[in-house]
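# Chains, contacts and geometry: an overview
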Amino acid sequence: MQIYLPIAEMPVNIFLIIGLGAAVGFLSGMFGVGGGFILTPFLMFWGIPPAVAVATQSTQIVASSVSGVITHWRKGNVDFKMGGVLLGGGLVGSVLGIQVFNALKAAGQADLFISLSYVIFLGSVGGLMFWESLQTIRHGGSSVGSIRREPGGHYWVHGWPLKMRFQRSKLYISAIPPVLLGVLIGLLTVIMGVGGGFILIPAMIYLLRMPTSIVIGTSLFQIIFLAAFSTLLHAITNQSVDAILAALLIVGGVFGAQFGIRYGERLRSDWLRLCLAALVLMICLRLGFDLVWPPADPFNLSIEGVE
Amino acid sequence: MRAILAALGVAAALSVGPARAEDLAAGISRDKIEITSSFTGTDIVVFGAIETDEGTALPATEVRDVVVVIRSDKPYLVTVRKKDRVGPIWMNREERSFAGVPGFYFLSSTRPLREIAAADVLDQFELGLDRIALGPAPGSVGGPREFREAILRTKIRQDVYAQHEGAVSFLSGSLFRTTVALPPNVPAGNLKVIVYSFSHGQVTSSSSMTLFIDKTGIERRLSDFARYEPTLYGIVAVLLSALAGFLASLAFRQRH
């Protein structure tokens, strides 16, 4: 059954898009990632113009993260203070990101930069996570939180000034690392059109040493705001948010997210991390392949406007 | 003339204001296409008749050719970039900008164009995909032919450019028709439909009509909303998404 998208100006299959939304929502609920890094390439693959794909999936991320956060919040798994600090940095980062993105677009290198950042970030994050979770599973399977966080243990981030207490995360650390992390995520959100969960989550686990159970809800919490900001930005500057496409993705996404959360709870956290790492590495390989494989058509068009 | 049109089977009643030229009458089966939420492309028929100045049918010995062109009347500025290998990576290197790129171009003719007229005549009326007047955009230099060809290739792949030589058929000595498949991604806006009749390699007359393509209903309201109230549209989109997420988590809580 086909439906015409008013902004993308093309028809799509309703069930295909709902199914895609559900699949991405499932991953989102399970791993706490927004899922944009999967959804955007898929939408483009089905012929949705890239600008519309990037803008519209951020709308879908708002819905699936709200749905996810409420569920995590009921279980007490959201550190709002940490989320707020990350978000502060995130908003600064997204403003910077707009400038960088526009400069790259003018130079015709935005696509290359996006692909390269995906490959570098996905590759390093996925590789590290894969290795770590494999080690944990091999050595008796207790989660990283209990292995690495010996009482009174100090790490390099703990020596910095501006210390804050994050009760929910059981942390007393400098506010500087979370703010810097937020800036980086904000930059990525705007440039790559993703919530940044796939980088934020490993960073919160390994860098900030937050407990794995708190990480997912907290990541989703700040993704809501970055994705909302990104939606607004795209709606205002490009008018590229397709309401019908978003509605279809949301219908699938919100339900997918709920099932994802339930399924994720049944998985052990080290296995959960291993699965996320495998997923991230797969996408990294796919994008890396596209970068080095000779393109089917070396020419590409971009429409600059009506005369 | 009218009796002949009625006999066309395309029912003259469908004809929307046939434009009359010196000896060419042409019409389109619909002059307005509404894009609704179930739009998946549509077919229209372009038809007409060629008669002598006295209003009688052409003698069978008189060979006429017809070329039908449908193109969007708003040209675009387009930048074409070419990827080249840098180290292990393929990246955009050379780029050229073109002006006058139609969003939609469809051509249908009775015979291969090169048999109908000489190159200079075809050039003059921009007949044929390879003769669309794509010039370098202001400030851009003209480039190798391959950049221009890349535009045509891409647009053909997207189904918005097409050329069917031999697809205009004569039903009798003077009646002709051709079917035009408008793809689902046909750009909204006005399309110009021009019918040329040729004799001995020269255009003897032409007839021009406008085909309105417009979104309607919810499609129209949403795209107007997005265009004219972008900030409000964005806020509404965010709030509705948040609400949808909230409702979903509520629905799931009650179930457990």
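Residues numbered from 1 in each chain as written. Chains lettered and ligands numbered in written order. Predicted model: local features only at pLDDT ≥ 70, side-chain atom pairs only at ≥ 80, totals over all residues.

## What to know about the overall build of chain B
The condition is simple: By definition, any uninterrupted DSSP run of H or I lasting at least four residues is a helix, any uninterrupted run of E lasting at least two residues is a strand, and each is numbered from the N terminus. Neighbour counting defines burial: a residue surrounded by 20 or more other C-beta atoms within 10 Å of its own C-beta is buried, one with 12 or fewer is exposed, and intermediate counts give partly exposed, using backbone-placed C-beta atoms.
Scanning chain B from terminus to terminus reveals six helices and 14 strands. Looking at chain B as a whole, 34% of its 256 residues qualify as buried.

## Some points on the overall build of chain A
Quick note on the threshold: As defined in this context, the radius of gyration uses C-alpha atoms, and a globule is described by 2.2 Å times the residue total to the power 0.38. The contact criterion used here is simple: two residues whose C-beta atoms, placed from the backbone, lie within 7 Å are in contact.
When helices and strands are counted, chain A shows eleven helices and five strands. In terms of C-alpha radius of gyration, chain A reaches 19 Å, essentially the compact-globule figure of 19 Å for 307 residues. At a minimum sequence separation of 6, the contacts of chain A that also span at least 24 residues come to 79%.

## Concerning the packing of helix α1 (residues 14-31) of chain A against helix α10 (residues 243-266) of chain A
Residues and elements named next belong to chain A. Keep this limit in mind: Inter-axis angles, ranging from 0 to 180 degrees, are taken between N-to-C directions of lines fitted to C-alpha atoms, where helices are fitted over the stretch in contact. Take the far helix as your reference; a near helix turned counterclockwise from it by less than a right angle gives a left-handed crossing, and one turned clockwise gives a right-handed crossing. Note on residue categories: nonpolar means Ala, Val, Leu, Ile, Met, Phe, Trp, Tyr, Cys or Pro, charged means Asp, Glu, Lys or Arg, and polar means any other residue, Gly included.
Two numbers describe how α1 lies on α10: the axes approach to 5 Å, and their chain directions differ by 35 degrees. Where α1 crosses over α10, the two elements pack in a sense that is right-handed. Residues that form the contact of α1 with α10 fall into these classes: 22 nonpolar, eleven polar and no charged.

## Regarding the packing of helix α8 (residues 197-207) of chain A against helix α9 (residues 212-237) of chain A
Residues and elements named next belong to chain A. Worth spelling out the cut-off: Roughly parallel here means an angle under 35 degrees, roughly antiparallel means over 145, roughly perpendicular means 65 to 115, and every remaining angle is called oblique.
Packing of α8 against α9 brings their axes to within 9 Å, and their N-to-C directions diverge by 140 degrees. Classed by the angle they form, the pair α8 and α9 counts as oblique. Viewed along their axes, α8 and α9 form a crossing whose handedness is right-handed. Seen from α8, the contacting residues are Gly197, Leu200, Ile201, Met204 and Ile205; seen from α9, they are Thr212, Val215, Ile216, Thr218, Ser219 and Ile223.

## A look at the sheet that holds strand β8 (residues 105-109) of chain B
Residues and elements named next belong to chain B. The criterion, for reference: Strand pairing is defined by DSSP finding a minimum of two bridges between the two strands.
Ordered by their spatial adjacency, six strands build an open sheet running β3-β14-β13-β5-β8-β10, and the pairing between neighbours is mixed. The sheet is open, and its two borders are formed by β3 (32-35) and β10 (161-165), each paired with just one other strand. Averaged over all neighbouring strand pairs, the angle between strand axes comes to 15 degrees, with direction disregarded. Of the strand pairs in this sheet, strand β5 (residues 65-72) and β8 are connected by five bridges, and their pairing is antiparallel. In the strand pairing of β8, Val69 is matched with Leu107.

## A look at the confidence of the model for chain B
Residues and elements named next belong to chain B. Basically, it comes down to this: Known as pLDDT, the predictor's per-residue confidence is scaled from 0 to 100.
Overall, the predicted model of chain B reaches an average pLDDT of 84, with 86% of residues at or above 70. For chain B, per-element mean pLDDT is lowest for strand β1 (residues 19-20), which scores 41, and highest for β8, which scores 96. Contacts of residues 1-21 to residues separated by more than four positions or lying in other chains number 36 contacts, the stretch itself having pLDDT below 50. Scored by ipTM, the complex comes to 0.79, with pTM at 0.77.

## Comments concerning unusual backbone geometry
Positive phi outside glycine occurs at A:Glu9, with the angle close to 55 degrees. Tracing the backbone through its elements, the reader meets A:Glu9 in the loop between β1 (2-5) and β2 (10-13). With 20 C-beta atoms packed within 10 Å, A:Glu9 lands in the buried category. Phi is positive for B:Asp159, which is not a glycine, with a value near 70 degrees. Its place among the elements puts B:Asp159 in the loop between α4 (145-157) and β10.

## Remarks on the interface of chain B and chain A
Counting residues at the interface gives 52 residues for chain B and 48 residues for chain A. Counting only elements with at least two residues in the side of chain B that touches chain A, the list comes to β6 (75-86), β7 (89-102), α4, α5 (217-228) and α6 (230-255) of chain B. Residues that form the side of chain B that touches chain A fall into these classes: 29 nonpolar, 15 polar and eight charged. Bridging between strand β5 (residues 299-306) of chain A and β6(B) involves seven bridges; their strand directions are antiparallel.

## Remarks on the sheet that holds β5(A)
Reading across from one edge, β5(A)-β6(B)-β7(B)-β9(B) is the order of the four strands in this open sheet, with antiparallel pairing throughout. The outermost strands of the open sheet, each flanked by one partner alone, are β5 of chain A together with β9 (135-136) of chain B. Packing against the sheet, α4(B) makes contact with β5 of chain A together with β6 and β7 of chain B, and its axis sits at approximately 110 degrees to β6(B).

## Quick look at the pairing of β1(A)
All names here are of chain A. Bridging between β1 and β2 involves four bridges; their strand directions are antiparallel. Each residue of the ladder has a partner; that of Ile3, found in β2, is Val12. Hairpin connection between β1 and β2: a loop of four residues separates the two successive antiparallel strands, and Glu9 in this loop has a positive phi of roughly 55 degrees.

## Considering the pairing of strand β4 (residues 171-174) of chain A
Residue and element names in this part refer to chain A. One ladder, built from four bridges, connects strand β3 (residues 163-166) with β4; its direction is antiparallel. Within the sheet, the bridge partner assigned to Lys163 lies in β4 and is Ser174. In textbook terms, the turn of a hairpin is the stretch between consecutive antiparallel strands, and for β3 and β4 this stretch comprises four residues, one of which, Lys170, has a positive phi near 55 degrees.

## Comments concerning the environment of B:Lys32
By secondary structure assignment, the location of B:Lys32 is in strand β3. Sequence spacing of B:Lys32 and B:Phe212 is 180 residues, and the spatial spacing of their C-alpha atoms is 4.6 Å.

## Describing helix α7 (residues 176-192) of chain A
Residues and elements named next belong to chain A. Which entries qualify depends on this criterion: What a helix should span is 1.5 Å times the count of its residues minus one.
Between its first and last C-alpha, α7 extends 24 Å over 17 residues, near the 24 Å set by a 1.5 Å rise per residue. The buried count for α7 comes to twelve of 17 residues, which makes it a mostly enclosed element. Those residues of α7 lying buried are Pro178, Leu181, Gly182, Val183, Ile185, Gly186, Leu187, Leu188, Thr189, Val190, Ile191 and Met192. Packing partners of the buried residues in α7 comprise α4 (80-106), α5 (110-138), α8 and α9.

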